[in-house]
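# Structural description and commentary
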Amino acid sequence: LSEGEYRLAALQPLGPGAPLYMANNDWVVSETRYMYGDWAEESLLQAERALRVAGQPRPAWLDAGYYEQRVASVLGADRRAAGLELTGLAAA
């Protein structure tokens, strides 16, 4: 299971066709050198990715660069690698 496959499976545990999202991600697949904090950051990132898939735009209070790097581009790369469409995703 790759890092992207794990994120997608954890984000929508019933598959991309079901509008059920999971954000509590207390285990992240990542090399430790890339960990900037504890598991809480990854849970918050998963919540933002779920909101993006559900069509919600970036919240005004969340830094645009951080959102693009850690939410939008990661989600887009994961979905492309899985062969999933990117249509319907909220704009960054």
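Here we summarise the structure given alongside this text. (Residues numbered from 1 in each chain as written. Predicted model: local features only at pLDDT ≥ 70, side-chain atom pairs only at ≥ 80, totals over all residues. Heavy atoms only, no water.)

### Examining the side chain of Glu-48
With respect to the helices, strands and loops of the structure, Glu-48 is situated in helix α2 (residues 39-53). It is Arg-58 that comes nearest to the buried, bridge-free Glu-48 among opposite-charge side chains, at 8.6 Å. Not counting residues within four places of it along the chain, the set of residues in contact with Glu-48 comprises Pro-59, Trp-61, Leu-62, Tyr-67 and Val-71. (Helix = DSSP H or I, 4+ residues; strand = E, 2+ residues; numbered from the N terminus. Buried < 20%, exposed > 50% of the residue type's maximum accessible area, 1.4 Å probe, protein only. Lys, Arg positive; Asp, Glu negative; His and termini not counted. Salt bridge = Lys/Arg side-chain N within 4 Å of Asp/Glu carboxyl O. Contact = heavy atoms within 4.5 Å.)

### Observations concerning the packing of helix α1 (residues 3-11) against helix α3 (residues 64-81)
Between α1 and α3, whose axes approach to 9 Å, the crossing angle comes to 100°. One way to sum up the angle between α1 and α3 is to call them roughly perpendicular. Contacts from Gly-4, Arg-7, Leu-8 and Leu-11 in α1 reach Val-74, Leu-75, Asp-78 and Arg-79 in α3. Grouping the constituent residues of the contact of α1 with α3 by class yields four nonpolar, one polar and three charged. (Axes fitted to C-alpha atoms, helices over the stretch in contact; angles between N-to-C directions. Parallel < 35°, antiparallel > 145°, perpendicular 65-115°, else oblique. Nonpolar A, V, L, I, M, F, W, Y, C, P; charged D, E, K, R; others polar.)

### Some details on α3
Over its 18 residues, α3 runs 24 Å from end to end, which matches the ideal 26 Å to within 8%, given 1.5 Å per residue. Taking the largest bend as the criterion, α3 deviates by roughly 30°, centred on Ser-73. Buried residues of α3: Tyr-67, Arg-70, Val-71, Ala-72, Val-74, Leu-75, Gly-76, Asp-78 and Arg-79, and no others. Structurally, the start of α3 carries an N-cap: the backbone nitrogen of Gly-65 is 3.2 Å from a side-chain oxygen of Asp-63. Directly after α3, the chain includes Gly-83, whose backbone phi takes a positive value near 75°. (Expected span 1.5 Å × (residues − 1). Bend = angle between axes of the 7 residues up to and from the residue. Polar contact = N/O pair within 3.5 Å; in protein donor to acceptor, adjacent residues only side chain to side chain.)

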